[in-house]
Amino acid sequence: ALFLLTSKSDVAYLYDHNDIRQGLARMRIHHYTAIPVITAAGDYVGCISEGDFLWALIDRKDELPDLTIRDLIRPDFNRAAHIDITMETLLERVKVQNFVPITDDRNKFIGIITRKDVICYFQQRYEKEEIG
């Protein structure tokens, strides 16, 4: 799956210590509906979605000035996969999420694999099998 990786240097992400305003601004600039979150050391923390911000506005509006991105992350949302994930497992993951965050052996965020890239991979594989 490594050949499908979009490198961290080419992916927008947030730091867990960013505040709500910074997070929303970055998502807006990049037109993302969900974005990976990492620590200053590069460890993968989770992902945050537009919905997470909206729920915070409703459920935690009095706390908003004091909240960081880390405070909004749902632990079960868009878990990272290890770099050696199989293509079949990757296909299962992209059925329910637009991208899969990828980490190395030290839990460092190294990039993402998108649903589009996985679909293209399997389409090319299918076309090769049909021809051959």
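Here, the structure is the one placed above.
Worth saying up front: this structure is predicted, and the values here are computed from it rather than measured. (Residues numbered from 1 in each chain as written. Predicted model: local features only at pLDDT ≥ 70, side-chain atom pairs only at ≥ 80, totals over all residues. Heavy atoms only, no water.)

As a further point, take the nonpolar core. Ranked by size, the top nonpolar core spans 14 residues in total, and within it Ile-48, Phe-53 and Leu-72 carry the most contacts. Looking at this core, the elements that each hand over two or more residues are helix 1 (20–30), strand 3 (34–38), helix 2 (50–59) and helix 3 (69–72). Leave out the neighbours within four places in its chain, and Ile-48 touches Leu-14, Met-27, Thr-33, Ala-34, Ile-35, Val-37, Phe-53, Ile-69, Leu-72 and Phe-77. If you look at the next biggest cluster of nonpolar residues, it comprises 13 residues, including Met-87, Ile-102, Val-118 and Phe-122. (Core = buried A, V, L, I, M, F, W, Y, C linked by side-chain atoms within 4.5 Å. Buried < 20%, exposed > 50% of the residue type's maximum accessible area, 1.4 Å probe, protein only. Helix = DSSP H or I, 4+ residues; strand = E, 2+ residues; numbered from the N terminus. Contact = heavy atoms within 4.5 Å.)

Attention shifts here to the layout of surface pockets. Where empty space is left can be seen by rolling a probe of water-molecule size over the atoms. In this structure, the largest pocket encloses a volume near 240 Å³. Along the walls of the largest pocket sit 15 residues, with Tyr-32, Thr-33, Ala-34, Asn-98 and Phe-99 positioned nearest its centre. Breaking the lining of the largest pocket down by element, the ones donating at least two residues are strand 3 and strand 7 (109–114). Taken together, the residues of the lining of the largest pocket break down into 9 nonpolar, 6 polar and no charged. (1 Å grid on protein atoms, 1.4 Å probe; cavity = no way out; pocket = protein on both sides within 12 Å on 5 of 7 lines; lining within 4 Å. Points joined across faces, edges and corners; volume = space filled by probe spheres on them. Nonpolar A, V, L, I, M, F, W, Y, C, P; charged D, E, K, R; others polar.)

In this section: the packing of aromatic side chains. The tally for this structure, following the rule as stated, stands at 5 aromatic pairs. Look at Phe-3 and Tyr-121: their rings are 5.6 Å apart centre to centre, the planes differ by 50 degrees, and that puts the pair in the tilted class. One end of the pair, Phe-3, is in the segment before strand 1 (6–7); the other, Tyr-121, is in helix 5 (residues 115–131), with 118 residues separating them in the sequence. Since its relative accessible area comes to 57%, Phe-3 is described here as exposed. Look at Tyr-13 and Phe-109: their rings are 6.1 Å apart centre to centre, the planes differ by 65 degrees, and that puts the pair in the edge-to-face class. Here Tyr-13, found in the loop between strand 1 and strand 2 (14–15), pairs with Phe-109, found in strand 7; they are 96 residues apart in sequence, far enough to count as distant. Per residue, the accessibility class of Tyr-13 equals that of Phe-109, and both read buried. Taken together, the ring pairs in this structure connect Tyr-13, Tyr-15, Tyr-44 and Phe-109 into an aromatic cluster. Lying over the aromatic face of Phe-77, Arg-74 brings its terminal NZ or CZ to 4.2 Å of the ring centre. (Phe/Tyr/Trp six-rings, centres within 6.5 Å; stacked < 30°, edge-to-face > 60°. Lys NZ or Arg CZ within 6 Å of the ring centre and 35° of its normal.)

Below, the discussion takes up a nonpolar patch on the surface. Together, Leu-54, Trp-55, Leu-57 and Ile-58 make up a nonpolar patch on the protein surface, roughly 470 Å² of accessible area in all. By the secondary structure assignment, Trp-55 is in helix 2. Relative accessible area serves as the criterion here: at 55%, Trp-55 is assigned to the exposed category. (Patch = residues over 30% accessible without salt bridge, like charges linked within 9 Å, V, L, I, M, F, W, Y side chains within 5 Å. Areas by Shrake-Rupley, 256 points an atom, 1.4 Å probe, with all protein chains shown as cover. Salt bridge = Lys/Arg side-chain N within 4 Å of Asp/Glu carboxyl O.)

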